[in-house]
Every structure is written in structure tokens, then in C-alpha cells.
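# Notes for the structure review
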Amino acid sequence: QIPKDPTQRWLRELTAMSQQMQQVHPNVLAKILKQRTLYQNEEIVVIDKPYGLPVHGGPGIKNCIADVLPILAKMLENMKAEPLHLCHRLDKETTGVMVLARSKEAAEKIRLLFKTRQVEKIYWAIVLGDPDPVEGVVEIPIVEKEVQSHQSHYKMTLAPRYRVRPEDGRVVKARGDRHAERAVTRYRRLAAASACSLLQLQPITGVKHQIRVHLAYGLGCPILGDHKYSHWSKLAPQKLPELTLRRLKLEQSKARHLPLHLHAHRLCLPLGQPLDFVCKLPLFFQKTLRKLELDIPKD
């Protein structure tokens, strides 16, 4: 049954796309990634990662990027090609620039560049609300914790080094969580409209779900479509402002179908000379910007 409403149809198509990625033959998936190749040389292959495709396997995942790297290498080079190697990861729902290496040595070299923060990464995200201030740095450590609710689950969360003392309101040093990782994210607002903002983000560190956690819990501006980090204690669809729902022509009951609007827009890799890769926004992201009347920066 195809919904008559164009917004519902569009959201249904996105959900179907993720499901199709899991049902296609690995050869077909490798072919899709080949078509999305942005750049290649003797050391690396750079792809535009599609929405809804996991990088690694796991429970219930039939297809992932890691599994098709040997096929993709053969398609790009020849039948004797060595499998490609992962150098970093992107969440399943995140789109954009992703670097693969042609050899183990190249992969280790690039992983070290990521680890030592020599790779410049720029993301774009549509968020709910308006960050205050509109530009700044979030520097709050992050730790993984179990959420006790009717449906127990794990989430990354903030582990601040300071807390407010309830008896006198003074800020005091908190006991550091030894499992917490240092996390630093630069952000800048590019546009604001319809109770949402378009942000440019630069993660300085590379902690799991860092951008999503810093925006939702640090700035109080969760990413549009981030149902996991829009609440702490429950697994529930994101609650959207009235104005946002109106502009998107969406009912709150259908908000659970909204995709995560987080895109790895640009990556600068210092391999010999700096290599700069830019990935244009996926169509669903562009469509949302238009509906929300958020002006796309001329970048």
C-alpha cells in the first residue's frame, strides 16, 4: 500500500532503501559502492557512504561495508586485488565521506592520522532548536552506560568533570569516571528556521556517537531524526516542535520514520600533500532543508 501523502511516501522509500541494502546480493552492494567512489589512488579509495548501510556486521545484519570490501577491490582493480581495509567508521544512518585503504600498511598509517587528530572532519547536521551560543566548543567527556527502564539498553552519555552542589549551588569538581573518554566538538550555526538549525560540526576527538551526544545532552539540540539520543530513559520516537511538523507536513505519530540528518560533508587527509574530499548532501537531507526553509550555505 503506497501512501498518497508525498512526505509519507518519501519516508517509506528511505526505510525501504535501508531494508533493500540488507536484501541485495553482496555483489550488487559492492557495485553500488563502486558507483559512489569519489576518488582513488594507489593507497586509498574514497566513497560516499549511503544512508542506512552499516559499516560492521552484528545481530540481524546480513550486509555491511566490511563484508563486501574484497568484492569492491576486485571490481575497482582486478581479480587479483587485495581486499580493501576500513580506516574509520561512520554510524549506519550517517552519510558521506568514507576512506578505505588498499593495503594493511596504508590502513595503519591512516588510522594513526585519525588517532593523532591530523585528519580534519567536517559534518553537517540539522538539529532541533538553536544552540546557545551559536558558535563554540563542547568539551565534556563521554562514557557508555546502561539505561534502566522497562526496556534496558546501552547509551553513550556525558560524564562531566564538574557538578552543581544542591545545598549551596556551588560548582565543584566531580569524581571522574575512569571509563570516560575525552571528547571535544566544535560547532557553528549556519542557518536557523522552523524551530531547527543547520550546524557545521568538527569533532576534534573520535568517541563513539560523540556528535550526537554532545548536541543532544551538551547543547540540548538533538539531531533531527535521532530517536536514540532525544530521550535519556526511554526508547521512543523524537518529539518534534509544532512548527517543524507543519513545515515537514508530518504528524507526530509518524516522526519515528524520520531519518538521522547527519552527514560527513568534508574530510582533509594529510597523505603527502593534503587531500580534500567533499561529499554533497544526500537528496533526503536537501529536501528537508528546503521544507524547513533552511538556507544551504554556498560551500
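Per an unreviewed UniProt entry, the recorded name for the chain is Pseudouridylate synthase RPUSD4, mitochondrial, and the organism is Agelaius phoeniceus. According to the UniProt record, the Sequence similarities (unreviewed entry) comment for the chain reads "Belongs to the pseudouridine synthase RluA family."

The subject of this paragraph is the UniProt feature "domain: Pseudouridine synthase RsuA/RluA-like" (unreviewed entry) in the chain. Those places that UniProt annotates as "domain: Pseudouridine synthase RsuA/RluA-like" (unreviewed entry) correspond, in this numbering, to residues 44-216. Here residues 44-216 runs as 18% helix and 38% strand, with 34 Å between its end C-alpha atoms.

Moving on to a nonpolar patch on the surface. Taken together, the side chains of Tyr162, Val164 and Val171 define a hydrophobic patch exposed on the protein surface, amounting to about 330 Å² of accessible area. Tracing the chain through its elements places Val171 in strand S10 (residues 171-173).

Our focus in this paragraph is the nonpolar core. The biggest cluster of nonpolar side chains holds 35 residues, and the ones touching the most others in it are Ile65, Leu84, Leu100, Leu201, Leu215, Ile223 and Leu262. Elements with a minimum of two residues in this core: helix H2 (26-35), strand S2 (44-49), helix H3 (65-76), strand S4 (95-101), strand S5 (120-128), strand S12 (196-203), helix H5 (210-218) and strand S13 (262-271). In terms of residue count, H3 provides more of this core than any other element does, six residues in total. A domain split of this core shows at least three residues from each of domain 1 (1-116) and domain 2 (120-294). When neighbours within four sequence positions are excluded, Ile223 is seen to be in contact with Ala125, Ile126, Val127, Ile211, Arg212, Leu215, Gln238, Leu260, His261 and Leu262.

Tallied over the entire structure, the rule returns 12 salt bridges. Arg212 serves as the salt-bridge partner of Asp226, at 2.8 Å between the closest nitrogen and oxygen. Pair noted here: Asp226 is in the loop between H5 and helix H6 (242-248) and Arg212 is in helix H5, with a separation of 14 residues, a long-range link. For the pair Asp226 and Arg212, one class covers both residues: buried.

With that out of the way, let us pick up unusual backbone geometry. The omega torsion across Asp132 and Pro133 is 0°, close enough to zero to call that bond cis. Backbone geometry at Arg117 places phi at a positive 60°, although glycine is not the residue there. One can find Arg117 in the loop between helix H4 (104-115) and S5.

Segmentation of the chain into domains returns domain 1 (1-116) and domain 2 (120-294). Here domain 1 and domain 2 have C-alpha centroids that lie 23 Å from each other. Taken together, the 29 residues of domain 1 in the interface contact 31 residues of domain 2. For the domain 1 and domain 2 pair, buried surface summed over both sides reaches about 2,500 Å², with 69% attributable to carbon and sulfur atoms. Between the two partners, domain 1 and domain 2, sit one salt bridge. Of the charged contacts in the structure, one is a salt bridge between Arg212 and Asp91, with a shortest N-O distance of 2.9 Å. For the side of domain 1 that touches domain 2, the secondary-structure elements that each account for two or more residues are helix H1 (6-23), strand S1 (37-40), S2, S4 and H4. Top element by residues in the side of domain 1 that touches domain 2 is H1. It accounts for six residues.

What follows covers the packing of aromatic side chains. Ring pairs (aromatic) are described by centroid distance and by the angle formed between their planes. All told, the structure shown has five aromatic pairs when counted by the stated rule. Here Tyr51 and Phe284 contribute two aromatic rings whose centre-to-centre distance is 5.2 Å and whose plane-to-plane angle is 65°, an arrangement assigned as edge-to-face. Of this pair, Tyr51 sits in the loop between S2 and H3 while Phe284 sits in helix H7 (residues 283-292), placing them 233 residues apart in sequence. Exposure class is identical for Tyr51 and Phe284. Each is buried. A centroid spacing of 6.0 Å and a plane angle of 80° characterise the contact between Tyr217 and Trp232, whose relative ring orientation is edge-to-face. Pair noted here: Tyr217 is in helix H5 and Trp232 is in the loop between H5 and H6, with a separation of 15 residues, a long-range link. Residue classification places Tyr217 among the partly exposed positions, given a relative accessible area of 23%. Given a relative accessible area of 34%, Trp232 falls into the partly exposed group. Among the aromatic residues, ring-to-ring pairing joins Tyr51, Phe284 and Phe285 into one connected group.

Here we take up the pairing of strand S11 (residues 184-193). Where strand S6 (residues 135-139) meets S11, five bridges bridge the pair, whose relative direction is antiparallel. If you follow Glu139 over to S11, its bridge partner there is Val184. With eight bridges joining them, S11 and S12 adopt antiparallel strand pairing. Its bridge partner being in S12, Arg188 is matched across the sheet by Gln200. Joining the antiparallel neighbours S11 and S12 is a turn of two residues, in which Ser194 adopts a positive phi near 55°.

Cut-offs applied
- Every chain's residues receive numbers from 1 upward, in the order its sequence appears when written.
- Totals for whole chains, interfaces and linings use all residues, but because this is a predicted model, local features are given only for residues with pLDDT of at least 70 and pairs of side-chain atoms are given and counted only at 80 or more.
- Side-chain calculation: all heavy atoms of the structure are included, whereas hydrogens and water are not.
- UniProt positions are given in the numbering used here, feature names are shortened, and annotations may be inferred rather than shown by experiment.
- Secondary structure elements follow DSSP: runs of H or I of four or more residues count as helices, runs of E of two or more count as strands, with numbering from the N terminus.
- For patches, a residue must show more than 30% relative accessible area and have no salt bridge; joins then use 9 Å for like charges and 5 Å for nonpolar side chains, namely Val, Leu, Ile, Met, Phe, Trp and Tyr.
- Here the open area of atoms and residues is found with the Shrake-Rupley method and a 1.4 Å probe, where only the protein chains shown may cover a residue.
- Salt bridge, as applied in this entry: a Lys or Arg side-chain nitrogen positioned within 4 Å of an Asp or Glu carboxyl oxygen.
- What makes a nonpolar core is a set of buried Ala, Val, Leu, Ile, Met, Phe, Trp, Tyr and Cys residues whose side-chain atoms join them at distances within 4.5 Å.
- Each residue is placed in one exposure class: buried if its accessible area under a 1.4 Å probe, protein chains only, is under 20% of its type's maximum, exposed if it is over 50%, and partly exposed if it falls in between.
- Reported domain spans reflect what an automatic or database domain assignment gives.
- Residue contacts follow a heavy-atom distance rule, with two residues in contact if any of their heavy atoms lie within 4.5 Å.
- The term buried area means the drop in 1.4 Å probe accessible area that two parts suffer when joined, counted for both and summed.
- Side-chain rings of Phe, Tyr and Trp, where Trp is taken by its six-membered ring, are said to pair if the distance between their centres is within 6.5 Å; with planes under 30 degrees apart they count as stacked, over 60 as edge-to-face, and otherwise as tilted.
- Two strands are counted as paired when DSSP detects at least two bridges linking them.

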